[in-house]
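Remarks on the overall topology
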Amino acid sequence: MIVVVSSLGPVYTPPDVERLTDRFSRLPVNEGYNAFFGGANVRFTNNGSSADLILDKSSGAGLVSRDKYYYGFFNAALKLPAKFTSGVVVAFYLSNQNIFPKNHDELDFELLGYEKRRRSWVLQTNVYGNGSVSTGREEKFYLWFDPTQDFHDYTILWNNHHIVFLVDNVPIREVVHNTAISSVYPSKPMSIFATIWDGSEWATHGGKYAVNYTYAPFVTSLRGVELEGCVSQKNDTSCANKRSPSSLDPVDGKEFVKLSQQQMTGLEWARRKHMFYSYCQDTRRYKVLPPECTAN
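Residues numbered from 1 in each chain as written. Predicted model: local features only at pLDDT ≥ 70, side-chain atom pairs only at ≥ 80, totals over all residues. Heavy atoms only, no water.

**With respect to the pattern of salt bridges**
Counted under the stated rule, the structure contains eight salt bridges. One salt bridge in this structure joins Glu 292 and Arg 137, with 2.6 Å as the shortest N-O distance. Taken as a pair, Glu 292 in helix H4 (residues 291–294) and Arg 137 in the loop between strand S10 (122–128) and strand S11 (139–142) lie far apart in primary sequence, 155 residues in all. The buried category is assigned to Arg 137, whose relative accessible area is 5%. (Salt bridge = Lys/Arg side-chain N within 4 Å of Asp/Glu carboxyl O. Helix = DSSP H or I, 4+ residues; strand = E, 2+ residues; numbered from the N terminus. Buried < 20%, exposed > 50% of the residue type's maximum accessible area, 1.4 Å probe, protein only.)

**Things to note about the state of the cysteines**
The tally for this structure, following the rule as stated, stands at one disulfide. With a sulfur-sulfur separation of 1.9 Å, Cys 280 is cross-linked through a disulfide to Cys 293. Negative torsions about the S-S bond denote left-handed disulfides, and the value of about -75° found for Cys 280 with Cys 293 makes this one left-handed. In this pair, Cys 280 sits in the loop between strand S17 (275–278) and H4 while Cys 293 sits in helix H4, placing the two residues 13 residues apart along the sequence. (Disulfide = S-S within 2.5 Å.)

**Here we look at the sheet that holds strand S16 (residues 218–232)**
Strand order in the open sheet formed by seven strands is S4-S5-S16-S7-S12-S13-S14, and the pairing between neighbours is antiparallel. Each edge of the sheet is formed by a strand with only one pairing partner; in this case those strands are strand S4 (42–45) and strand S14 (170–176). Taking the axes of each pair of neighbouring strands and ignoring which way they run, one obtains an average angle of 20° across the sheet. Direction of pairing for strand S7 (residues 68–79) relative to S16: antiparallel, over a ladder of nine bridges. Residue pairing in the sheet places Tyr 69 in a bridge with Val 231 of S16. (Pairing = 2+ DSSP bridges. Axes fitted to C-alpha atoms, helices over the stretch in contact; angles between N-to-C directions.)

**A short note on the pairing of strand S6 (residues 61–65)**
For S6, the tally of buried residues reaches five of five residues, placing the bulk of the element in the interior. Burial along S6 is two-sided: Ala 61, Leu 63 and Ser 65 facing one way and Gly 62 and Val 64 facing the other are all buried. Relative to S6, strand S3 (residues 33–37) runs antiparallel, the two being bridged by four bridges. Its bridge partner being in S6, Tyr 33 is matched across the sheet by Ser 65. As defined by bridge partners, S6 adjoins strand S15 (residues 191–198) across four bridges and the pair is classed as antiparallel. Bridge pairing links Val 64 to Phe 193 in S15.

**A word on the nonpolar core**
Counting residues in hydrophobic clusters, the biggest one holds 61 residues, and the most contacted among them are Phe 92 and Trp 158. Core analysis: the next-biggest nonpolar cluster, separate from the first, contains 10 residues, Phe 24, Phe 73, Leu 248 and Leu 259 among them. (Core = buried A, V, L, I, M, F, W, Y, C linked by side-chain atoms within 4.5 Å.)

**Regarding the sheet that holds strand S9 (residues 106–112)**
Here eight strands make up an open sheet; going across it, the order is S3-S6-S15-S8-S9-S10-S11-S17 and the pairing antiparallel. Strands with a single pairing partner mark the edges of an open sheet, and in this sheet they are S3 and S17. Within the sheet, the average angular offset between the axes of one strand and its neighbour, ignoring direction, is 15°. The sheet contacts of helix H3 (residues 261–274) involve S11 and S17, and relative to S11 the element is tilted by about 85°. (Contact = heavy atoms within 4.5 Å.)

**Here we look at unusual backbone geometry**
Cis geometry marks the peptide bond from Ala 216 to Pro 217, where omega comes out at 0°. You can see Pro 217 is positioned in the loop between helix H2 (200–203) and S16. Look at Asn 47: it is not a glycine, yet its phi comes out positive at around 60°. Unlike most non-glycine residues, Tyr 71 shows phi in positive territory, near 75°.

**Concerning the packing of aromatic side chains**
By the definition in use, this model includes 18 aromatic pairs. Their ring planes at 35° and their centres at 4.7 Å tell us that Phe 24 and Phe 73 sit as a pair that is tilted. In this pair, Phe 24 sits in the loop between strand S2 (9–12) and helix H1 (29–32) while Phe 73 sits in strand S7, placing the two residues 49 residues apart along the sequence. As far as the burial class goes, Phe 24 and Phe 73 line up, both buried. (Phe/Tyr/Trp six-rings, centres within 6.5 Å; stacked < 30°, edge-to-face > 60°.)

Nothing here speaks to function; it is all geometry.
Here it is as structure tokens:
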């Protein structure tokens, strides 16, 4: 079904899926995160239950989780800037680059502000493991809703079985931990970040559509924080210290070992209707595709 709700175009109704975000507790932003950069451009609101991250000429802004995690389920509900946003990048991601600068892991949601030739935000996901930055594993999607009108959930599930990126609980990408990808599978504890920044040179064809600060400030609002998994002590990779007493276990629980049939239906729908780029299809970029692209 298609419902037109805004000038940005049609909004599509996805298949029904399990609402995993309803099964974990949501934290106030200031209980799970500290300011990372941006000074006054990080504003905790509603007594810390939510936050605004602001990009203007002076700075972008960012949050970083108070704890580091070795596997888990991580969510942020985001509402994106509604103005002309070419060059603006909003990111929700896991990384340990500050600890392992030459051998880091990273899992990215990157929301790219729209360019003049299109009228919607683009969602990009990426995976780096053990410093494998020379191989970009990007996949890009158009969203099936207007992300500027309301809050939407962006979730990363990471455990020893697979990595799953979900939007409003719909899986859009799954990276199965198998032999083909094991050498570059994220394997060290990571912090969780939420940021807004000027990505003009990177996100818009070399600055072709740079950020226009006439439309500043650009404000991303965040709430609905979920941080469920193994809290790492001094980069320990054991899972003895769970963050909450939830009966659901995203690290070793059987519900999180593989996708359900409903989730597989949602994954296939998202990729068939909304994915417009995958590195595994980019034979111009890779004369020999990364091994996981051709693994059975």
